[in-house]
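# Structure at a glance
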Amino acid sequence: MQDFRAPWWQPGGHVQTIWSALYARRQQHRHAVRWQRRRWETPDGDFIDLDFSLPMALPQAPTLVLFHGLEGSSASHYAVALAQVCADRGWQLVVPHFRGCSGEPNRLPRAYHSGDAEELDWILRRLRHGSGGDLLAMGVSLGGNALALWAGRQREAAREVVRAAAVVCAPLDLVAAGRQLGQGLNRRIYTRMFLRTLVPKALAKWERSPGLFDRDALLRARDLHAFDDIFTGPVHGFADADDYWRRASAKPWLGQVAVPLLLLNARNDPFVPAASLPTRAQVSPAVQLWQPRHGGHVGFSSGAWPAHVLAMPRAVTAWLAQWLAPAQDIKE
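Description of the structure in this document. Sequence order as written defines residue numbering, which begins from 1 separately in each chain. In keeping with the predicted nature of the model, local features appear solely for residues at pLDDT of at least 70, side-chain atom pairs appear and are counted solely at 80 or more, and the whole-chain, interface and lining totals rest on all residues. Excluding hydrogens and water, the side-chain values take into account all heavy atoms of the structure.

## Comments concerning the nonpolar core
In this structure, Leu-124, Leu-127, Leu-147, Trp-150 and Leu-218 are the most contacted members of the largest nonpolar core, which totals 61 residues. Should any heavy atoms of two residues lie within 4.5 Å, those residues are considered in contact. If sequence neighbours within four positions are ignored, Trp-150 has contacts with Ala-117, Asp-121, Leu-124, Ala-158, Val-161 and Val-162. For our purposes a nonpolar core is just a set of buried Ala, Val, Leu, Ile, Met, Phe, Trp, Tyr and Cys residues, chained together by side-chain atoms within 4.5 Å. Three labels apply to residues, based on accessible area from a 1.4 Å probe with only protein chains included: buried if under 20% of the type maximum, exposed if over 50%, partly exposed otherwise in between. Formed by 34 residues, the second largest nonpolar core is a distinct cluster that contains Ala-79, Val-140, Val-168 and Ala-311.

## Digging into the layout of surface pockets
Rolled over the atoms, a probe with the dimensions of a water molecule shows which regions are left empty. Computed from the structure, the second largest pocket encloses a volume of approximately 280 Å³. Here a cavity denotes grid points, spaced 1 Å and computed from the protein atoms alone, that fit a 1.4 Å probe unable to get out, and a pocket denotes an open set having protein on both sides within 12 Å along at least 5 of 7 lines; residues with an atom within 4 Å of a point are the lining. Arg-38, Phe-52, Thr-63, Gly-130 and Ser-131 are the residues nearest the centre of the second largest pocket, which is lined by 17 residues in total. Put simply, the parts of the chain that give the lining of the second largest pocket at least two residues each are β1 (34-41) and α3 (117-130). Examining the composition of the lining of the second largest pocket, we find that 3 residues originate from one element, α3, more than from any other. Note on residue categories: nonpolar means Ala, Val, Leu, Ile, Met, Phe, Trp, Tyr, Cys or Pro, charged means Asp, Glu, Lys or Arg, and polar means any other residue, Gly included. Broken down by class, the residue content of the lining of the second largest pocket amounts to 10 nonpolar, 5 polar and 2 charged. Grid points are joined across faces, edges and corners, and a volume is the space filled by probe spheres set on the points. Numbering of helices and strands runs from the N terminus, with a helix taken as a DSSP run of H or I at least four residues long and a strand as a DSSP run of E at least two residues long.

## Examining helix α10 (residues 311-321)
Across the 11 residues of α10, 9 count as buried, placing the element largely inside the fold. Where α10 is buried, its residues touch β3 (63-67), α2 (77-89), β5 (135-140), β6 (164-168), β7 (261-264) and β8 (287-290).

## Details of the side chain of His-77
Mapped onto the elements of the fold, His-77 is located in helix α2. A residue is classified by how much of its surface remains accessible, and His-77, at 6% relative accessible area, is buried. Only 2.8 Å separates the side chain of His-77 from the backbone oxygen of Val-298, close enough to count as a polar contact. N or O atoms closer than or at 3.5 Å make up a polar contact, with two conditions inside protein: a donor-capable atom paired with an acceptor-capable one, and, for residues adjacent in sequence, both atoms drawn from side chains.

## So, the packing of α2 against α10
For helices, the fitted line uses only the C-alpha atoms of the stretch in contact; every axis is such a line through C-alpha atoms, and the angle between N-to-C directions lies from 0 to 180 degrees. Orientation of α2 relative to α10, taken along the N-to-C sense of each, is 50 degrees, at an axis distance of 9 Å. As judged from the angle between their axes, α2 and α10 are oblique. Like other packed secondary-structure pairs, α2 and α10 cross with a definite hand, here right-handed. Note on element contacts: α10 touches α2 through Met-312, Pro-313, Arg-314, Thr-317, Ala-318 and Ala-321, opposite Tyr-78, Ala-81, Leu-82, Val-85 and Arg-89. Of the residues assigned to the contact of α2 with α10, the class counts are 8 nonpolar, 1 polar and 2 charged. Roughly parallel covers angles under 35 degrees, roughly antiparallel covers those over 145, roughly perpendicular covers 65 to 115, and oblique covers all other angles. Here is the rule for handedness: rotate from the far helix to the near one, and if that takes an anticlockwise turn smaller than a right angle the crossing is left-handed, while a clockwise turn gives right-handed.

## Focus: the sheet that holds β3
The mixed open sheet is built from 8 strands, whose spatial order is β1-β2-β4-β3-β5-β6-β7-β8. Looking at strand neighbours, the two that pair on one side only are β1 and β8, the edges of this open sheet. For this sheet, the mean angle separating the axes of adjacent strands, direction not counted, is 20 degrees. For two strands to count as paired, DSSP must find a minimum of two bridges between them. Here 5 bridges tie β5 to β6, and the two strands are oriented parallel to one another. The partner of Gly-139 across the bridge, within β6, is Val-167. Most of the contacts of α2 go to β3, to which it runs at about 175 degrees, and overall it touches β1, β3, β4 (92-96) and β5. Sitting on the sheet, α10 touches β3, β5, β6, β7 and β8, and the angle it makes with β6 is about 155 degrees.

## What to know about the packing of aromatic side chains
Any pair of aromatic rings gets described here by the distance separating the centres and the angle formed by the planes. Within 6.5 Å between ring centres, the rings of Phe, Tyr and Trp (the latter by its six-membered ring) count as paired, and their orientation is classed by plane angle as stacked under 30 degrees, edge-to-face over 60, tilted in between. Under the counting rule described, the total for this entry stands at 12 aromatic pairs. For the pair Trp-40 and Trp-122, a centre-to-centre distance of 5.7 Å together with 85 degrees between the ring planes defines the contact as edge-to-face. Remark: Trp-122 occurs in helix α3 and Trp-40 occurs in strand β1; sequence separation between them is 82 residues. Over a ring means this: the NZ of a Lys or the CZ of an Arg is within 6 Å of the ring centre and within 35 degrees of the ring normal. A cation over a ring is seen here: Arg-39 above Phe-47, with NZ or CZ 3.8 Å from the ring centre. When the ring centre of Trp-206 is taken as origin, the NZ or CZ atom of Arg-215, which lies over that ring, is 5.5 Å away.

Given below as structure tokens:
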């Protein structure tokens, strides 16, 4: 992936991002992935829904846990592509949905956020306890930052839970990424897209818990900083958006990581400024950096027209496979 190049007819990070998010999903409908949904009750009286790819893998097969991005799900194009690649390897793929992302509102006022490392820890440890084979983890965008933050905070303890982890297109510096999304074309396209679903979900929570936040101010929000300032930050224990972005960023913790961790970021990602990406000096020896020039935000489409999005999941699972116990990679 270090030398990855997008097709010639996909110039620039915006095209590479949008094509994969929209057109790859349409193509994948011809090869629909089947899921088995399970609901877990959470310790605080809520629930999360997890989708397990079908057919189920052998009990001793590796399990890969995918933490999706902002407003993502098991229907996201990268999740569908990863399910196909895991099936080829004989691995089990599990997609835990962050609260409110499975198609049903959760019960409590809290939702999810980029620094939800405690929620990830509970999910991973429960899956580790119930898995007959090795456990691997992967996070995309928001889910990737949360996974990297978990790995940094857990330090050596993370090795007791997962063999290795991979993080794709994560905004590891949330301040820099937040500013990027609030400007120019990003604000007009991506920010509007996110707010189109985030705001109604937040308003539904206000209806169940009146006074949870300033409803009128939320209706005036036009960027993610305003949304996080009014809803995400205060509802989840942060003072405001700036406090949330600073404290939830994984970048300051990357030097503490002990579990093998891959960080894949395209340098033309519209969401993540290349200047904010971690350098070799800012990460621990357990971290490997892949920073290709092309790819967009979770794009990485390749091949002849109309292209596909299998290159990234194939490369990432190959990297993860090297950390498995002997004979675990059943269909390598």
